[in-house]
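# A look at the structure
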2 protein chains.
Amino acid sequence: MQPLDAFLARVRPQQTPVLVVRRAALMANLAAMQAACDAGGVRLRAHGKMHKCSALARLQVAGGAVGLCCQTVGEAEVYGAAGIADLLVTAPVPPWGWRRLAALAGASRVSAVVDSEAQLALASAAAVAAGNTMGIHIDVDPGMMRAGVPPAEVGPLMALALALPGLRVDGIQAYCGHHQHLPGGMERRTAALAWSDRLAALVAELGAAGMAPRQVTGGGTGTFAIDIASGVYTELQAGSYALMDVEYADCGGPDGHWPFRPALFVAASIVSARHASHNVCDAGLKAFHTNGPSPRVIVPDGSTWRSMGDEHGAIMPPGDSTEGALVWLQPGHVDPTVALHDAMLVAGEDGTLERWAIDARRFTPPIMVQPGREQR
Amino acid sequence: MQPLDAFLARVRPQQTPVLVVRRAALMANLAAMQAACDAGGVRLRAHGKMHKCSALARLQVAGGAVGLCCQTVGEAEVYGAAGIADLLVTAPVPPWGWRRLAALAGASRVSAVVDSEAQLALASAAAVAAGNTMGIHIDVDPGMMRAGVPPAEVGPLMALALALPGLRVDGIQAYCGHHQHLPGGMERRTAALAWSDRLAALVAELGAAGMAPRQVTGGGTGTFAIDIASGVYTELQAGSYALMDVEYADCGGPDGHWPFRPALFVAASIVSARHASHNVCDAGLKAFHTNGPSPRVIVPDGSTWRSMGDEHGAIMPPGDSTEGALVWLQPGHVDPTVALHDAMLVAGEDGTLERWAIDARRFTPPIMVQPGREQR
């Protein structure tokens, strides 16, 4: 792979601000995570919420992933239509979503997490009505207080799932979002292992009750090596590893270093260059979500970015003050930044560019309402 | 208009999270701003960067706006294709943008701001090559240090614009983004009037040099009444007034109160309700940009929202703990929040819902690159 600055110098997008994926880094990241999962005997189920791009999802499956994780019903519908044959919805499904997932389950293998009796009843009714089988994972709360049931309540919920028609009980999910960005090394390892010990005990309890989960799915980019080595997870749900961001770069890998390279950048243009203190580029709050760390300026090296509003950013110190000069930045937090864009350009080391649609980003299906008509 | 809570209780989106526009409030806001501009003899050029929705843009023009402001070349192309006949690009155009704007100028009346000699040269060359006339506004920096030239440099730049072929010098722009959210009442008024005095002097200087600007465009929602009364501006560029947000609600109108009502909301569903402290809804960082104030919870009244990640938010205290119960929120900062969505539902007092595409949000034209081909 060329040095990053030499590579970026060759990429010439014809519009800015735009997401640019370094294909060689992406492919290396996909291969590195697949190899780690294969070596550990763990299935990779790449998380599609990060990139929302079915072209990238197909690459992950072609590379060995068993399927995709989705965070929303809409993502599942887009990935299903794109030919992804095995889908898991990793967040609780709102009541309106079960009929759509049950319909999708006719073409793809579809599973979803549940953390309540009411969700199981809706899932079962929707599956029976559609004449399809709906997969279920019982969602376990590892202490995030976001979704999922405490370990002690998994058994009863799984027993109910086993008793309801139209459902296929695939296993359990335990996602530790609160561990992913803990300081690399001991702190993250200690937290992840403490939880995987508890999870192993839960799996044993379920086995003793004749309900051994076929799949234990969870984990993420920040804890991937610890999760794979734990021996508890049968599936890894990592997402960010494919493109990476400043937040993950700065917190370090589970063993301190990362086997994953930065693969996603934003190209911006200098649009006003009248000040000694800074230049103004065309990447602002609509090019970057700013909930996480600020985007990192790669070119010009050593400069920083500051928001100057919706469509403007300051580059300080200014660097090349030629209008139209390209500025290269790495997003602070990849997921919500990608959701602001509708396509990514994929750049090869040979100078080729392809356009990949971010086709699974939040969307409201046209069939959702009938314009002008009274709602039902 | 019904009370807000009674109105929201009737709206039943079939998917969440989703932007919902209260049509009656939107129409009242459009009418109030148009009436204020008409009474002051100032043209309203509504800013399309806020909503990125050509259906809404057409309503603004039908209601009396002379045209739309755009912040990007892509917005101008979408609004032009939607039949908006008069467009002004209010941010410096990157070098790659001039050819596209010059092509657009064949169908719509197109103008763009400039703050450098290089931009004028590119604009002129593109206009001549396209055989169309490109409108120009000289951008004046009111002290933001973002774009625009100091008042003393406007004359020479305008003289150059007048000398170049293919250009039509429409006037000057002076946008005071740094005034819009100053505390309502005296502080904002003092800052806005100090600037409009300086601007009036510039207009007089240009007139004395035989270059009196036909249009002086600028102003915004936060200073609209002050800008209209100043007698300097011929065009008001307000955007947020149409939908409003928490940031504008909290800073108050230019006279303390607002004639504009909240018209944009996000409907979210409770997806997990297992905790006494909070419920979890399906609106997170991909439903709200969080650069400004947090979204305000309207229903349940008195609760607050906290991000629980990309697709989750906590509602504290929980309110109705029924899964699927709707939560209603007002976005903190409207512009970048709208850019996260691809459509808004427009709800009538009579219970009707329409879907309006956010068709001018950031987009990369398919013609931008040729997949797999070597770049030119």
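Our structure's up above, just so we're on the same page.
Residues numbered from 1 in each chain as written. Chains lettered and ligands numbered in written order. Predicted model: local features only at pLDDT ≥ 70, side-chain atom pairs only at ≥ 80, totals over all residues. Heavy atoms only, no water.

If you trace the backbone, Asp141 of chain A turns up in the loop between β6 (134-139) and α7 (154-163). One buried charged side chain, Asp141 of chain A, makes no salt bridge at all; its nearest oppositely charged neighbour is Arg274 of chain B, positioned 7.1 Å away. Within polar-contact distance, the side chain of Asp141 of chain A engages the backbone nitrogen of Met145 of chain A at 3.3 Å. Leave out the neighbours within four places in its chain, and Asp141 of chain A touches Ala147, Gly148, Val149, Pro151 and Trp195 of chain A together with His275 of chain B. (Helix = DSSP H or I, 4+ residues; strand = E, 2+ residues; numbered from the N terminus. Buried < 20%, exposed > 50% of the residue type's maximum accessible area, 1.4 Å probe, protein only. Lys, Arg positive; Asp, Glu negative; His and termini not counted. Salt bridge = Lys/Arg side-chain N within 4 Å of Asp/Glu carboxyl O. Polar contact = N/O pair within 3.5 Å; in protein donor to acceptor, adjacent residues only side chain to side chain. Contact = heavy atoms within 4.5 Å.)

Turning our attention to unusual backbone geometry. Put simply, Met316 of chain A and Pro317 of chain A share a cis peptide bond, and its omega is -10°. As for its position among the elements, Pro317 of chain A is in the loop between β14 (313-316) and β15 (326-330). Cis geometry is found at the peptide bond from Val299 of chain B to Pro300 of chain B, where omega equals 5°. You can see Pro300 of chain B is positioned in the loop between β12 (296-299) and β13 (304-307). For Lys52 of chain A, which is not glycine, the phi dihedral falls at a positive 50°. Mapped onto the fold, Lys52 of chain A is located in the loop between β2 (43-47) and α3 (54-62). With relative accessibility at 2%, the residue Lys52 of chain A sits in the buried group. Positioned with a positive phi, Met244 of chain A is a non-glycine residue whose angle comes to about 65°. Relative to the elements of secondary structure, Met244 of chain A occurs in the loop between β9 (235-236) and α10 (246-251).

Attention now moves to α7 of chain A. All names here are of chain A. Inspection of α7 places Val154, Gly155, Leu157, Met158 and Ala161 among the buried residues, and these make up the whole buried set. Viewed along the axis of α7, the buried residues span an arc of 165°, placing them on a single side of the element. Along α7, the residues that are exposed and aim more than 90 degrees away from the buried face are Pro156 and Ala163. Against β5 (109-114), α6 (117-130), β6, β7 (167-174) and α8 (186-208) lie the buried residues of α7. (Arc of directions from axis to C-beta.)

Let us look at the packing of aromatic side chains. In total, this model carries ten aromatic pairs over all chains according to the counting rule given. Measuring from ring centre to ring centre gives 5.1 Å for Phe224 of chain B and Phe260 of chain B, while their planes differ by 55°; the resulting arrangement is tilted. Here Phe224 of chain B, found in helix α9 (residues 224-230), pairs with Phe260 of chain B, found in the loop between α10 (246-251) and β10 (264-272); they are 36 residues apart in sequence, far enough to count as distant. Each member of the pair, Phe224 of chain B as well as Phe260 of chain B, carries the same accessibility label: buried. Judged by centre distance (5.3 Å) and plane angle (65°), the rings of Phe288 of chain B and Trp305 of chain B are edge-to-face. Here Trp305 of chain B lies in strand β13 and Phe288 of chain B lies in the loop between β11 (279-281) and β12, a separation of 17 residues in the sequence. Classification of Phe288 of chain B by relative accessible area gives buried; the value is 1%. The rings of Phe224, Tyr241, Tyr248, Trp258 and Phe260 of chain A are connected pair by pair, giving a single aromatic cluster. Its end group placed over the ring of Phe7 of chain A, Arg22 of chain A keeps NZ or CZ at 4.4 Å from the ring centre. (Phe/Tyr/Trp six-rings, centres within 6.5 Å; stacked < 30°, edge-to-face > 60°. Lys NZ or Arg CZ within 6 Å of the ring centre and 35° of its normal.)

Here the structure, examined in full by the defined rule, presents 38 salt bridges over all chains. In this structure, the salt-bridge partner of Glu311 of chain B is Lys52 of chain A, at a minimum N-O distance of 3.7 Å. In this pair, Glu311 of chain B is assigned in the loop between β13 and β14 (313-316) and Lys52 of chain A in the loop between β2 and α3, connecting two distinct chains. Taking the relative accessible area as the measure of exposure, Glu311 of chain B reaches 4% and is therefore buried. Across the salt bridge formed by Arg355 of chain A and Asp342 of chain A, the nearest N and O atoms sit 3.7 Å from each other. Of this pair, Arg355 of chain A sits in strand β17 (residues 353-357) while Asp342 of chain A sits in the loop between α11 (334-338) and β16 (343-347), and the two are 13 residues apart along the sequence. The class for Asp342 of chain A is buried, based on a relative accessible area of 18%.

Residue and element names in this part refer to chain B. Summarising the element assignment, Pro254 is placed in the loop between α10 and β10. With a relative accessible area of 2%, Pro254 lands in the buried category. Along the backbone, Pro254 and Ala225 are 29 residues apart, and their C-alpha atoms lie at a distance of 6.4 Å.

As a further point, take the packing of helix α2 (residues 23-40) of chain B against helix α3 (residues 54-62) of chain B. Each pair of packed helices can be summarised by the angle the axes make with each other and by the distance between the axes. Residue and element names in this part refer to chain B. Relative orientation of the contacting elements α2 and α3 amounts to 40°, with a least axis distance of 10 Å. Comparing their axes, α3 and α2 come out oblique. Crossing geometry of α2 relative to α3 is assigned as right-handed. Taken together, the residues of α3 that come into contact with α2 (itself represented by Leu26, Met27, Leu30 and Gln34) are Leu56, Leu59 and Gln60. In terms of residue class, the contact of α2 with α3 is made up of five nonpolar, two polar and no charged. (Axes fitted to C-alpha atoms, helices over the stretch in contact; angles between N-to-C directions. Parallel < 35°, antiparallel > 145°, perpendicular 65-115°, else oblique. Left-handed = near helix turned anticlockwise from the far one by under 90°. Nonpolar A, V, L, I, M, F, W, Y, C, P; charged D, E, K, R; others polar.)

If you look at the interface, chain B gives 85 residues, while chain A gives 85 residues. Between chain B and chain A lies a buried interface of about 7100 Å² when both sides are counted; carbon and sulfur atoms form 49% of it. Linking chain B to chain A there are six salt bridges. For Glu153 of chain B, the salt bridge is made with Arg274 of chain A, and the minimal N-O distance between the two is 2.3 Å. Counting the contacts that link chain B with chain A gives 32 residue pairs in polar contact (both at pLDDT 80 or more). For the side of chain B that touches chain A, the secondary structure elements donating two or more residues are α6 (117-130), β10, α11 (334-338), β16 (343-347) and β17 (353-357) of chain B. Residue composition of the side of chain B that touches chain A, grouped by class: 33 nonpolar, 27 polar and 25 charged. (Buried area = accessible area lost by both parts, 1.4 Å probe.)

Before going further, it helps to spend a moment on the sheet that holds β5 of chain A. Working definition: the strands of a sheet are paired by backbone hydrogen bonds and lie parallel or antiparallel to each other. Residues and elements named next belong to chain A. Reading around the barrel, the eight strands line up as β2-β3-β4-β5-β6-β7-β8-β9 and close back on themselves, with parallel pairing between neighbours. Direction of pairing for strand β8 (residues 215-218) relative to β9: parallel, over a ladder of two bridges. What sits directly across from Thr217, in β9, is Glu235. Relative to β6, α6 is tilted by about 170°, and along the sheet it contacts β5, β6 and β7. The sheet contacts of α8 involve β7 and β8, and relative to β7 the element is tilted by about 155°. (Pairing = 2+ DSSP bridges.)

Below, the discussion takes up the relation of the copies chain B and chain A. Once chain B is rotated about the relating axis by 180° and shifted along it by 0.0 Å, it coincides with chain A to within an RMSD of 0.0 Å. Taken together, the rotation and translation relating the two chain copies correspond to the operation of a two-fold axis. The C-alpha atom lying nearest the rotation axis in chain B is that of Leu340 of chain B; the distance is 2.5 Å. Of the residues that chain B buries at the interface, 100% are likewise interface residues in chain A, meaning the two copies contact each other through the same surface. (Least-squares fit on C-alpha atoms with pLDDT ≥ 70 in both.)

Here the focus is the sheet that holds strand β8 (residues 215-218) of chain B. Judged by pairing direction, the barrel is parallel, and its eight strands sit side by side in the order β2-β3-β4-β5-β6-β7-β8-β9 (chain B) before closing back on the first. Strands β7 (167-174) and β8 of chain B of the sheet are contacted by helix α8 (residues 186-208) of chain B, whose axis makes an angle of about 155° with β7 of chain B.

Our focus in this paragraph is helix α4 (residues 73-81) of chain B. All names here are of chain B. Most of α4 is tucked away: seven of the nine residues are buried. Of all the residues in α4, the buried ones are Val73, Gly74, Glu75, Ala76, Val78, Tyr79 and Gly80. Residues of α4 that are buried sit in contact with α3, β3 (67-70), β4 (86-89) and α5 (98-104). Phi for Gly83, located one or two positions after α4, is positive at around 95°.

Further remarks concern the pairing of strand β2 (residues 43-47) of chain B. Residue and element names in this part refer to chain B. Of all the five residues making up β2, four are buried; the element is thus mostly covered by neighbouring parts of the structure. Pairing of β2 with strand β9 (residues 235-236), which is carried by two bridges, proceeds in the parallel orientation. Each bridged residue has a counterpart across the sheet, and for Leu44 the counterpart in β9 is Leu236. Across three bridges, β2 lies against β3 in parallel orientation. Residue pairing in the sheet places Ala46 in a bridge with Leu68 of β3. Of the crossover connections in this fold, the one passing from β2 over α3 to the parallel β3 is right-handed. (Right-handed = clockwise from strand over helix to strand, strands pointing away.)

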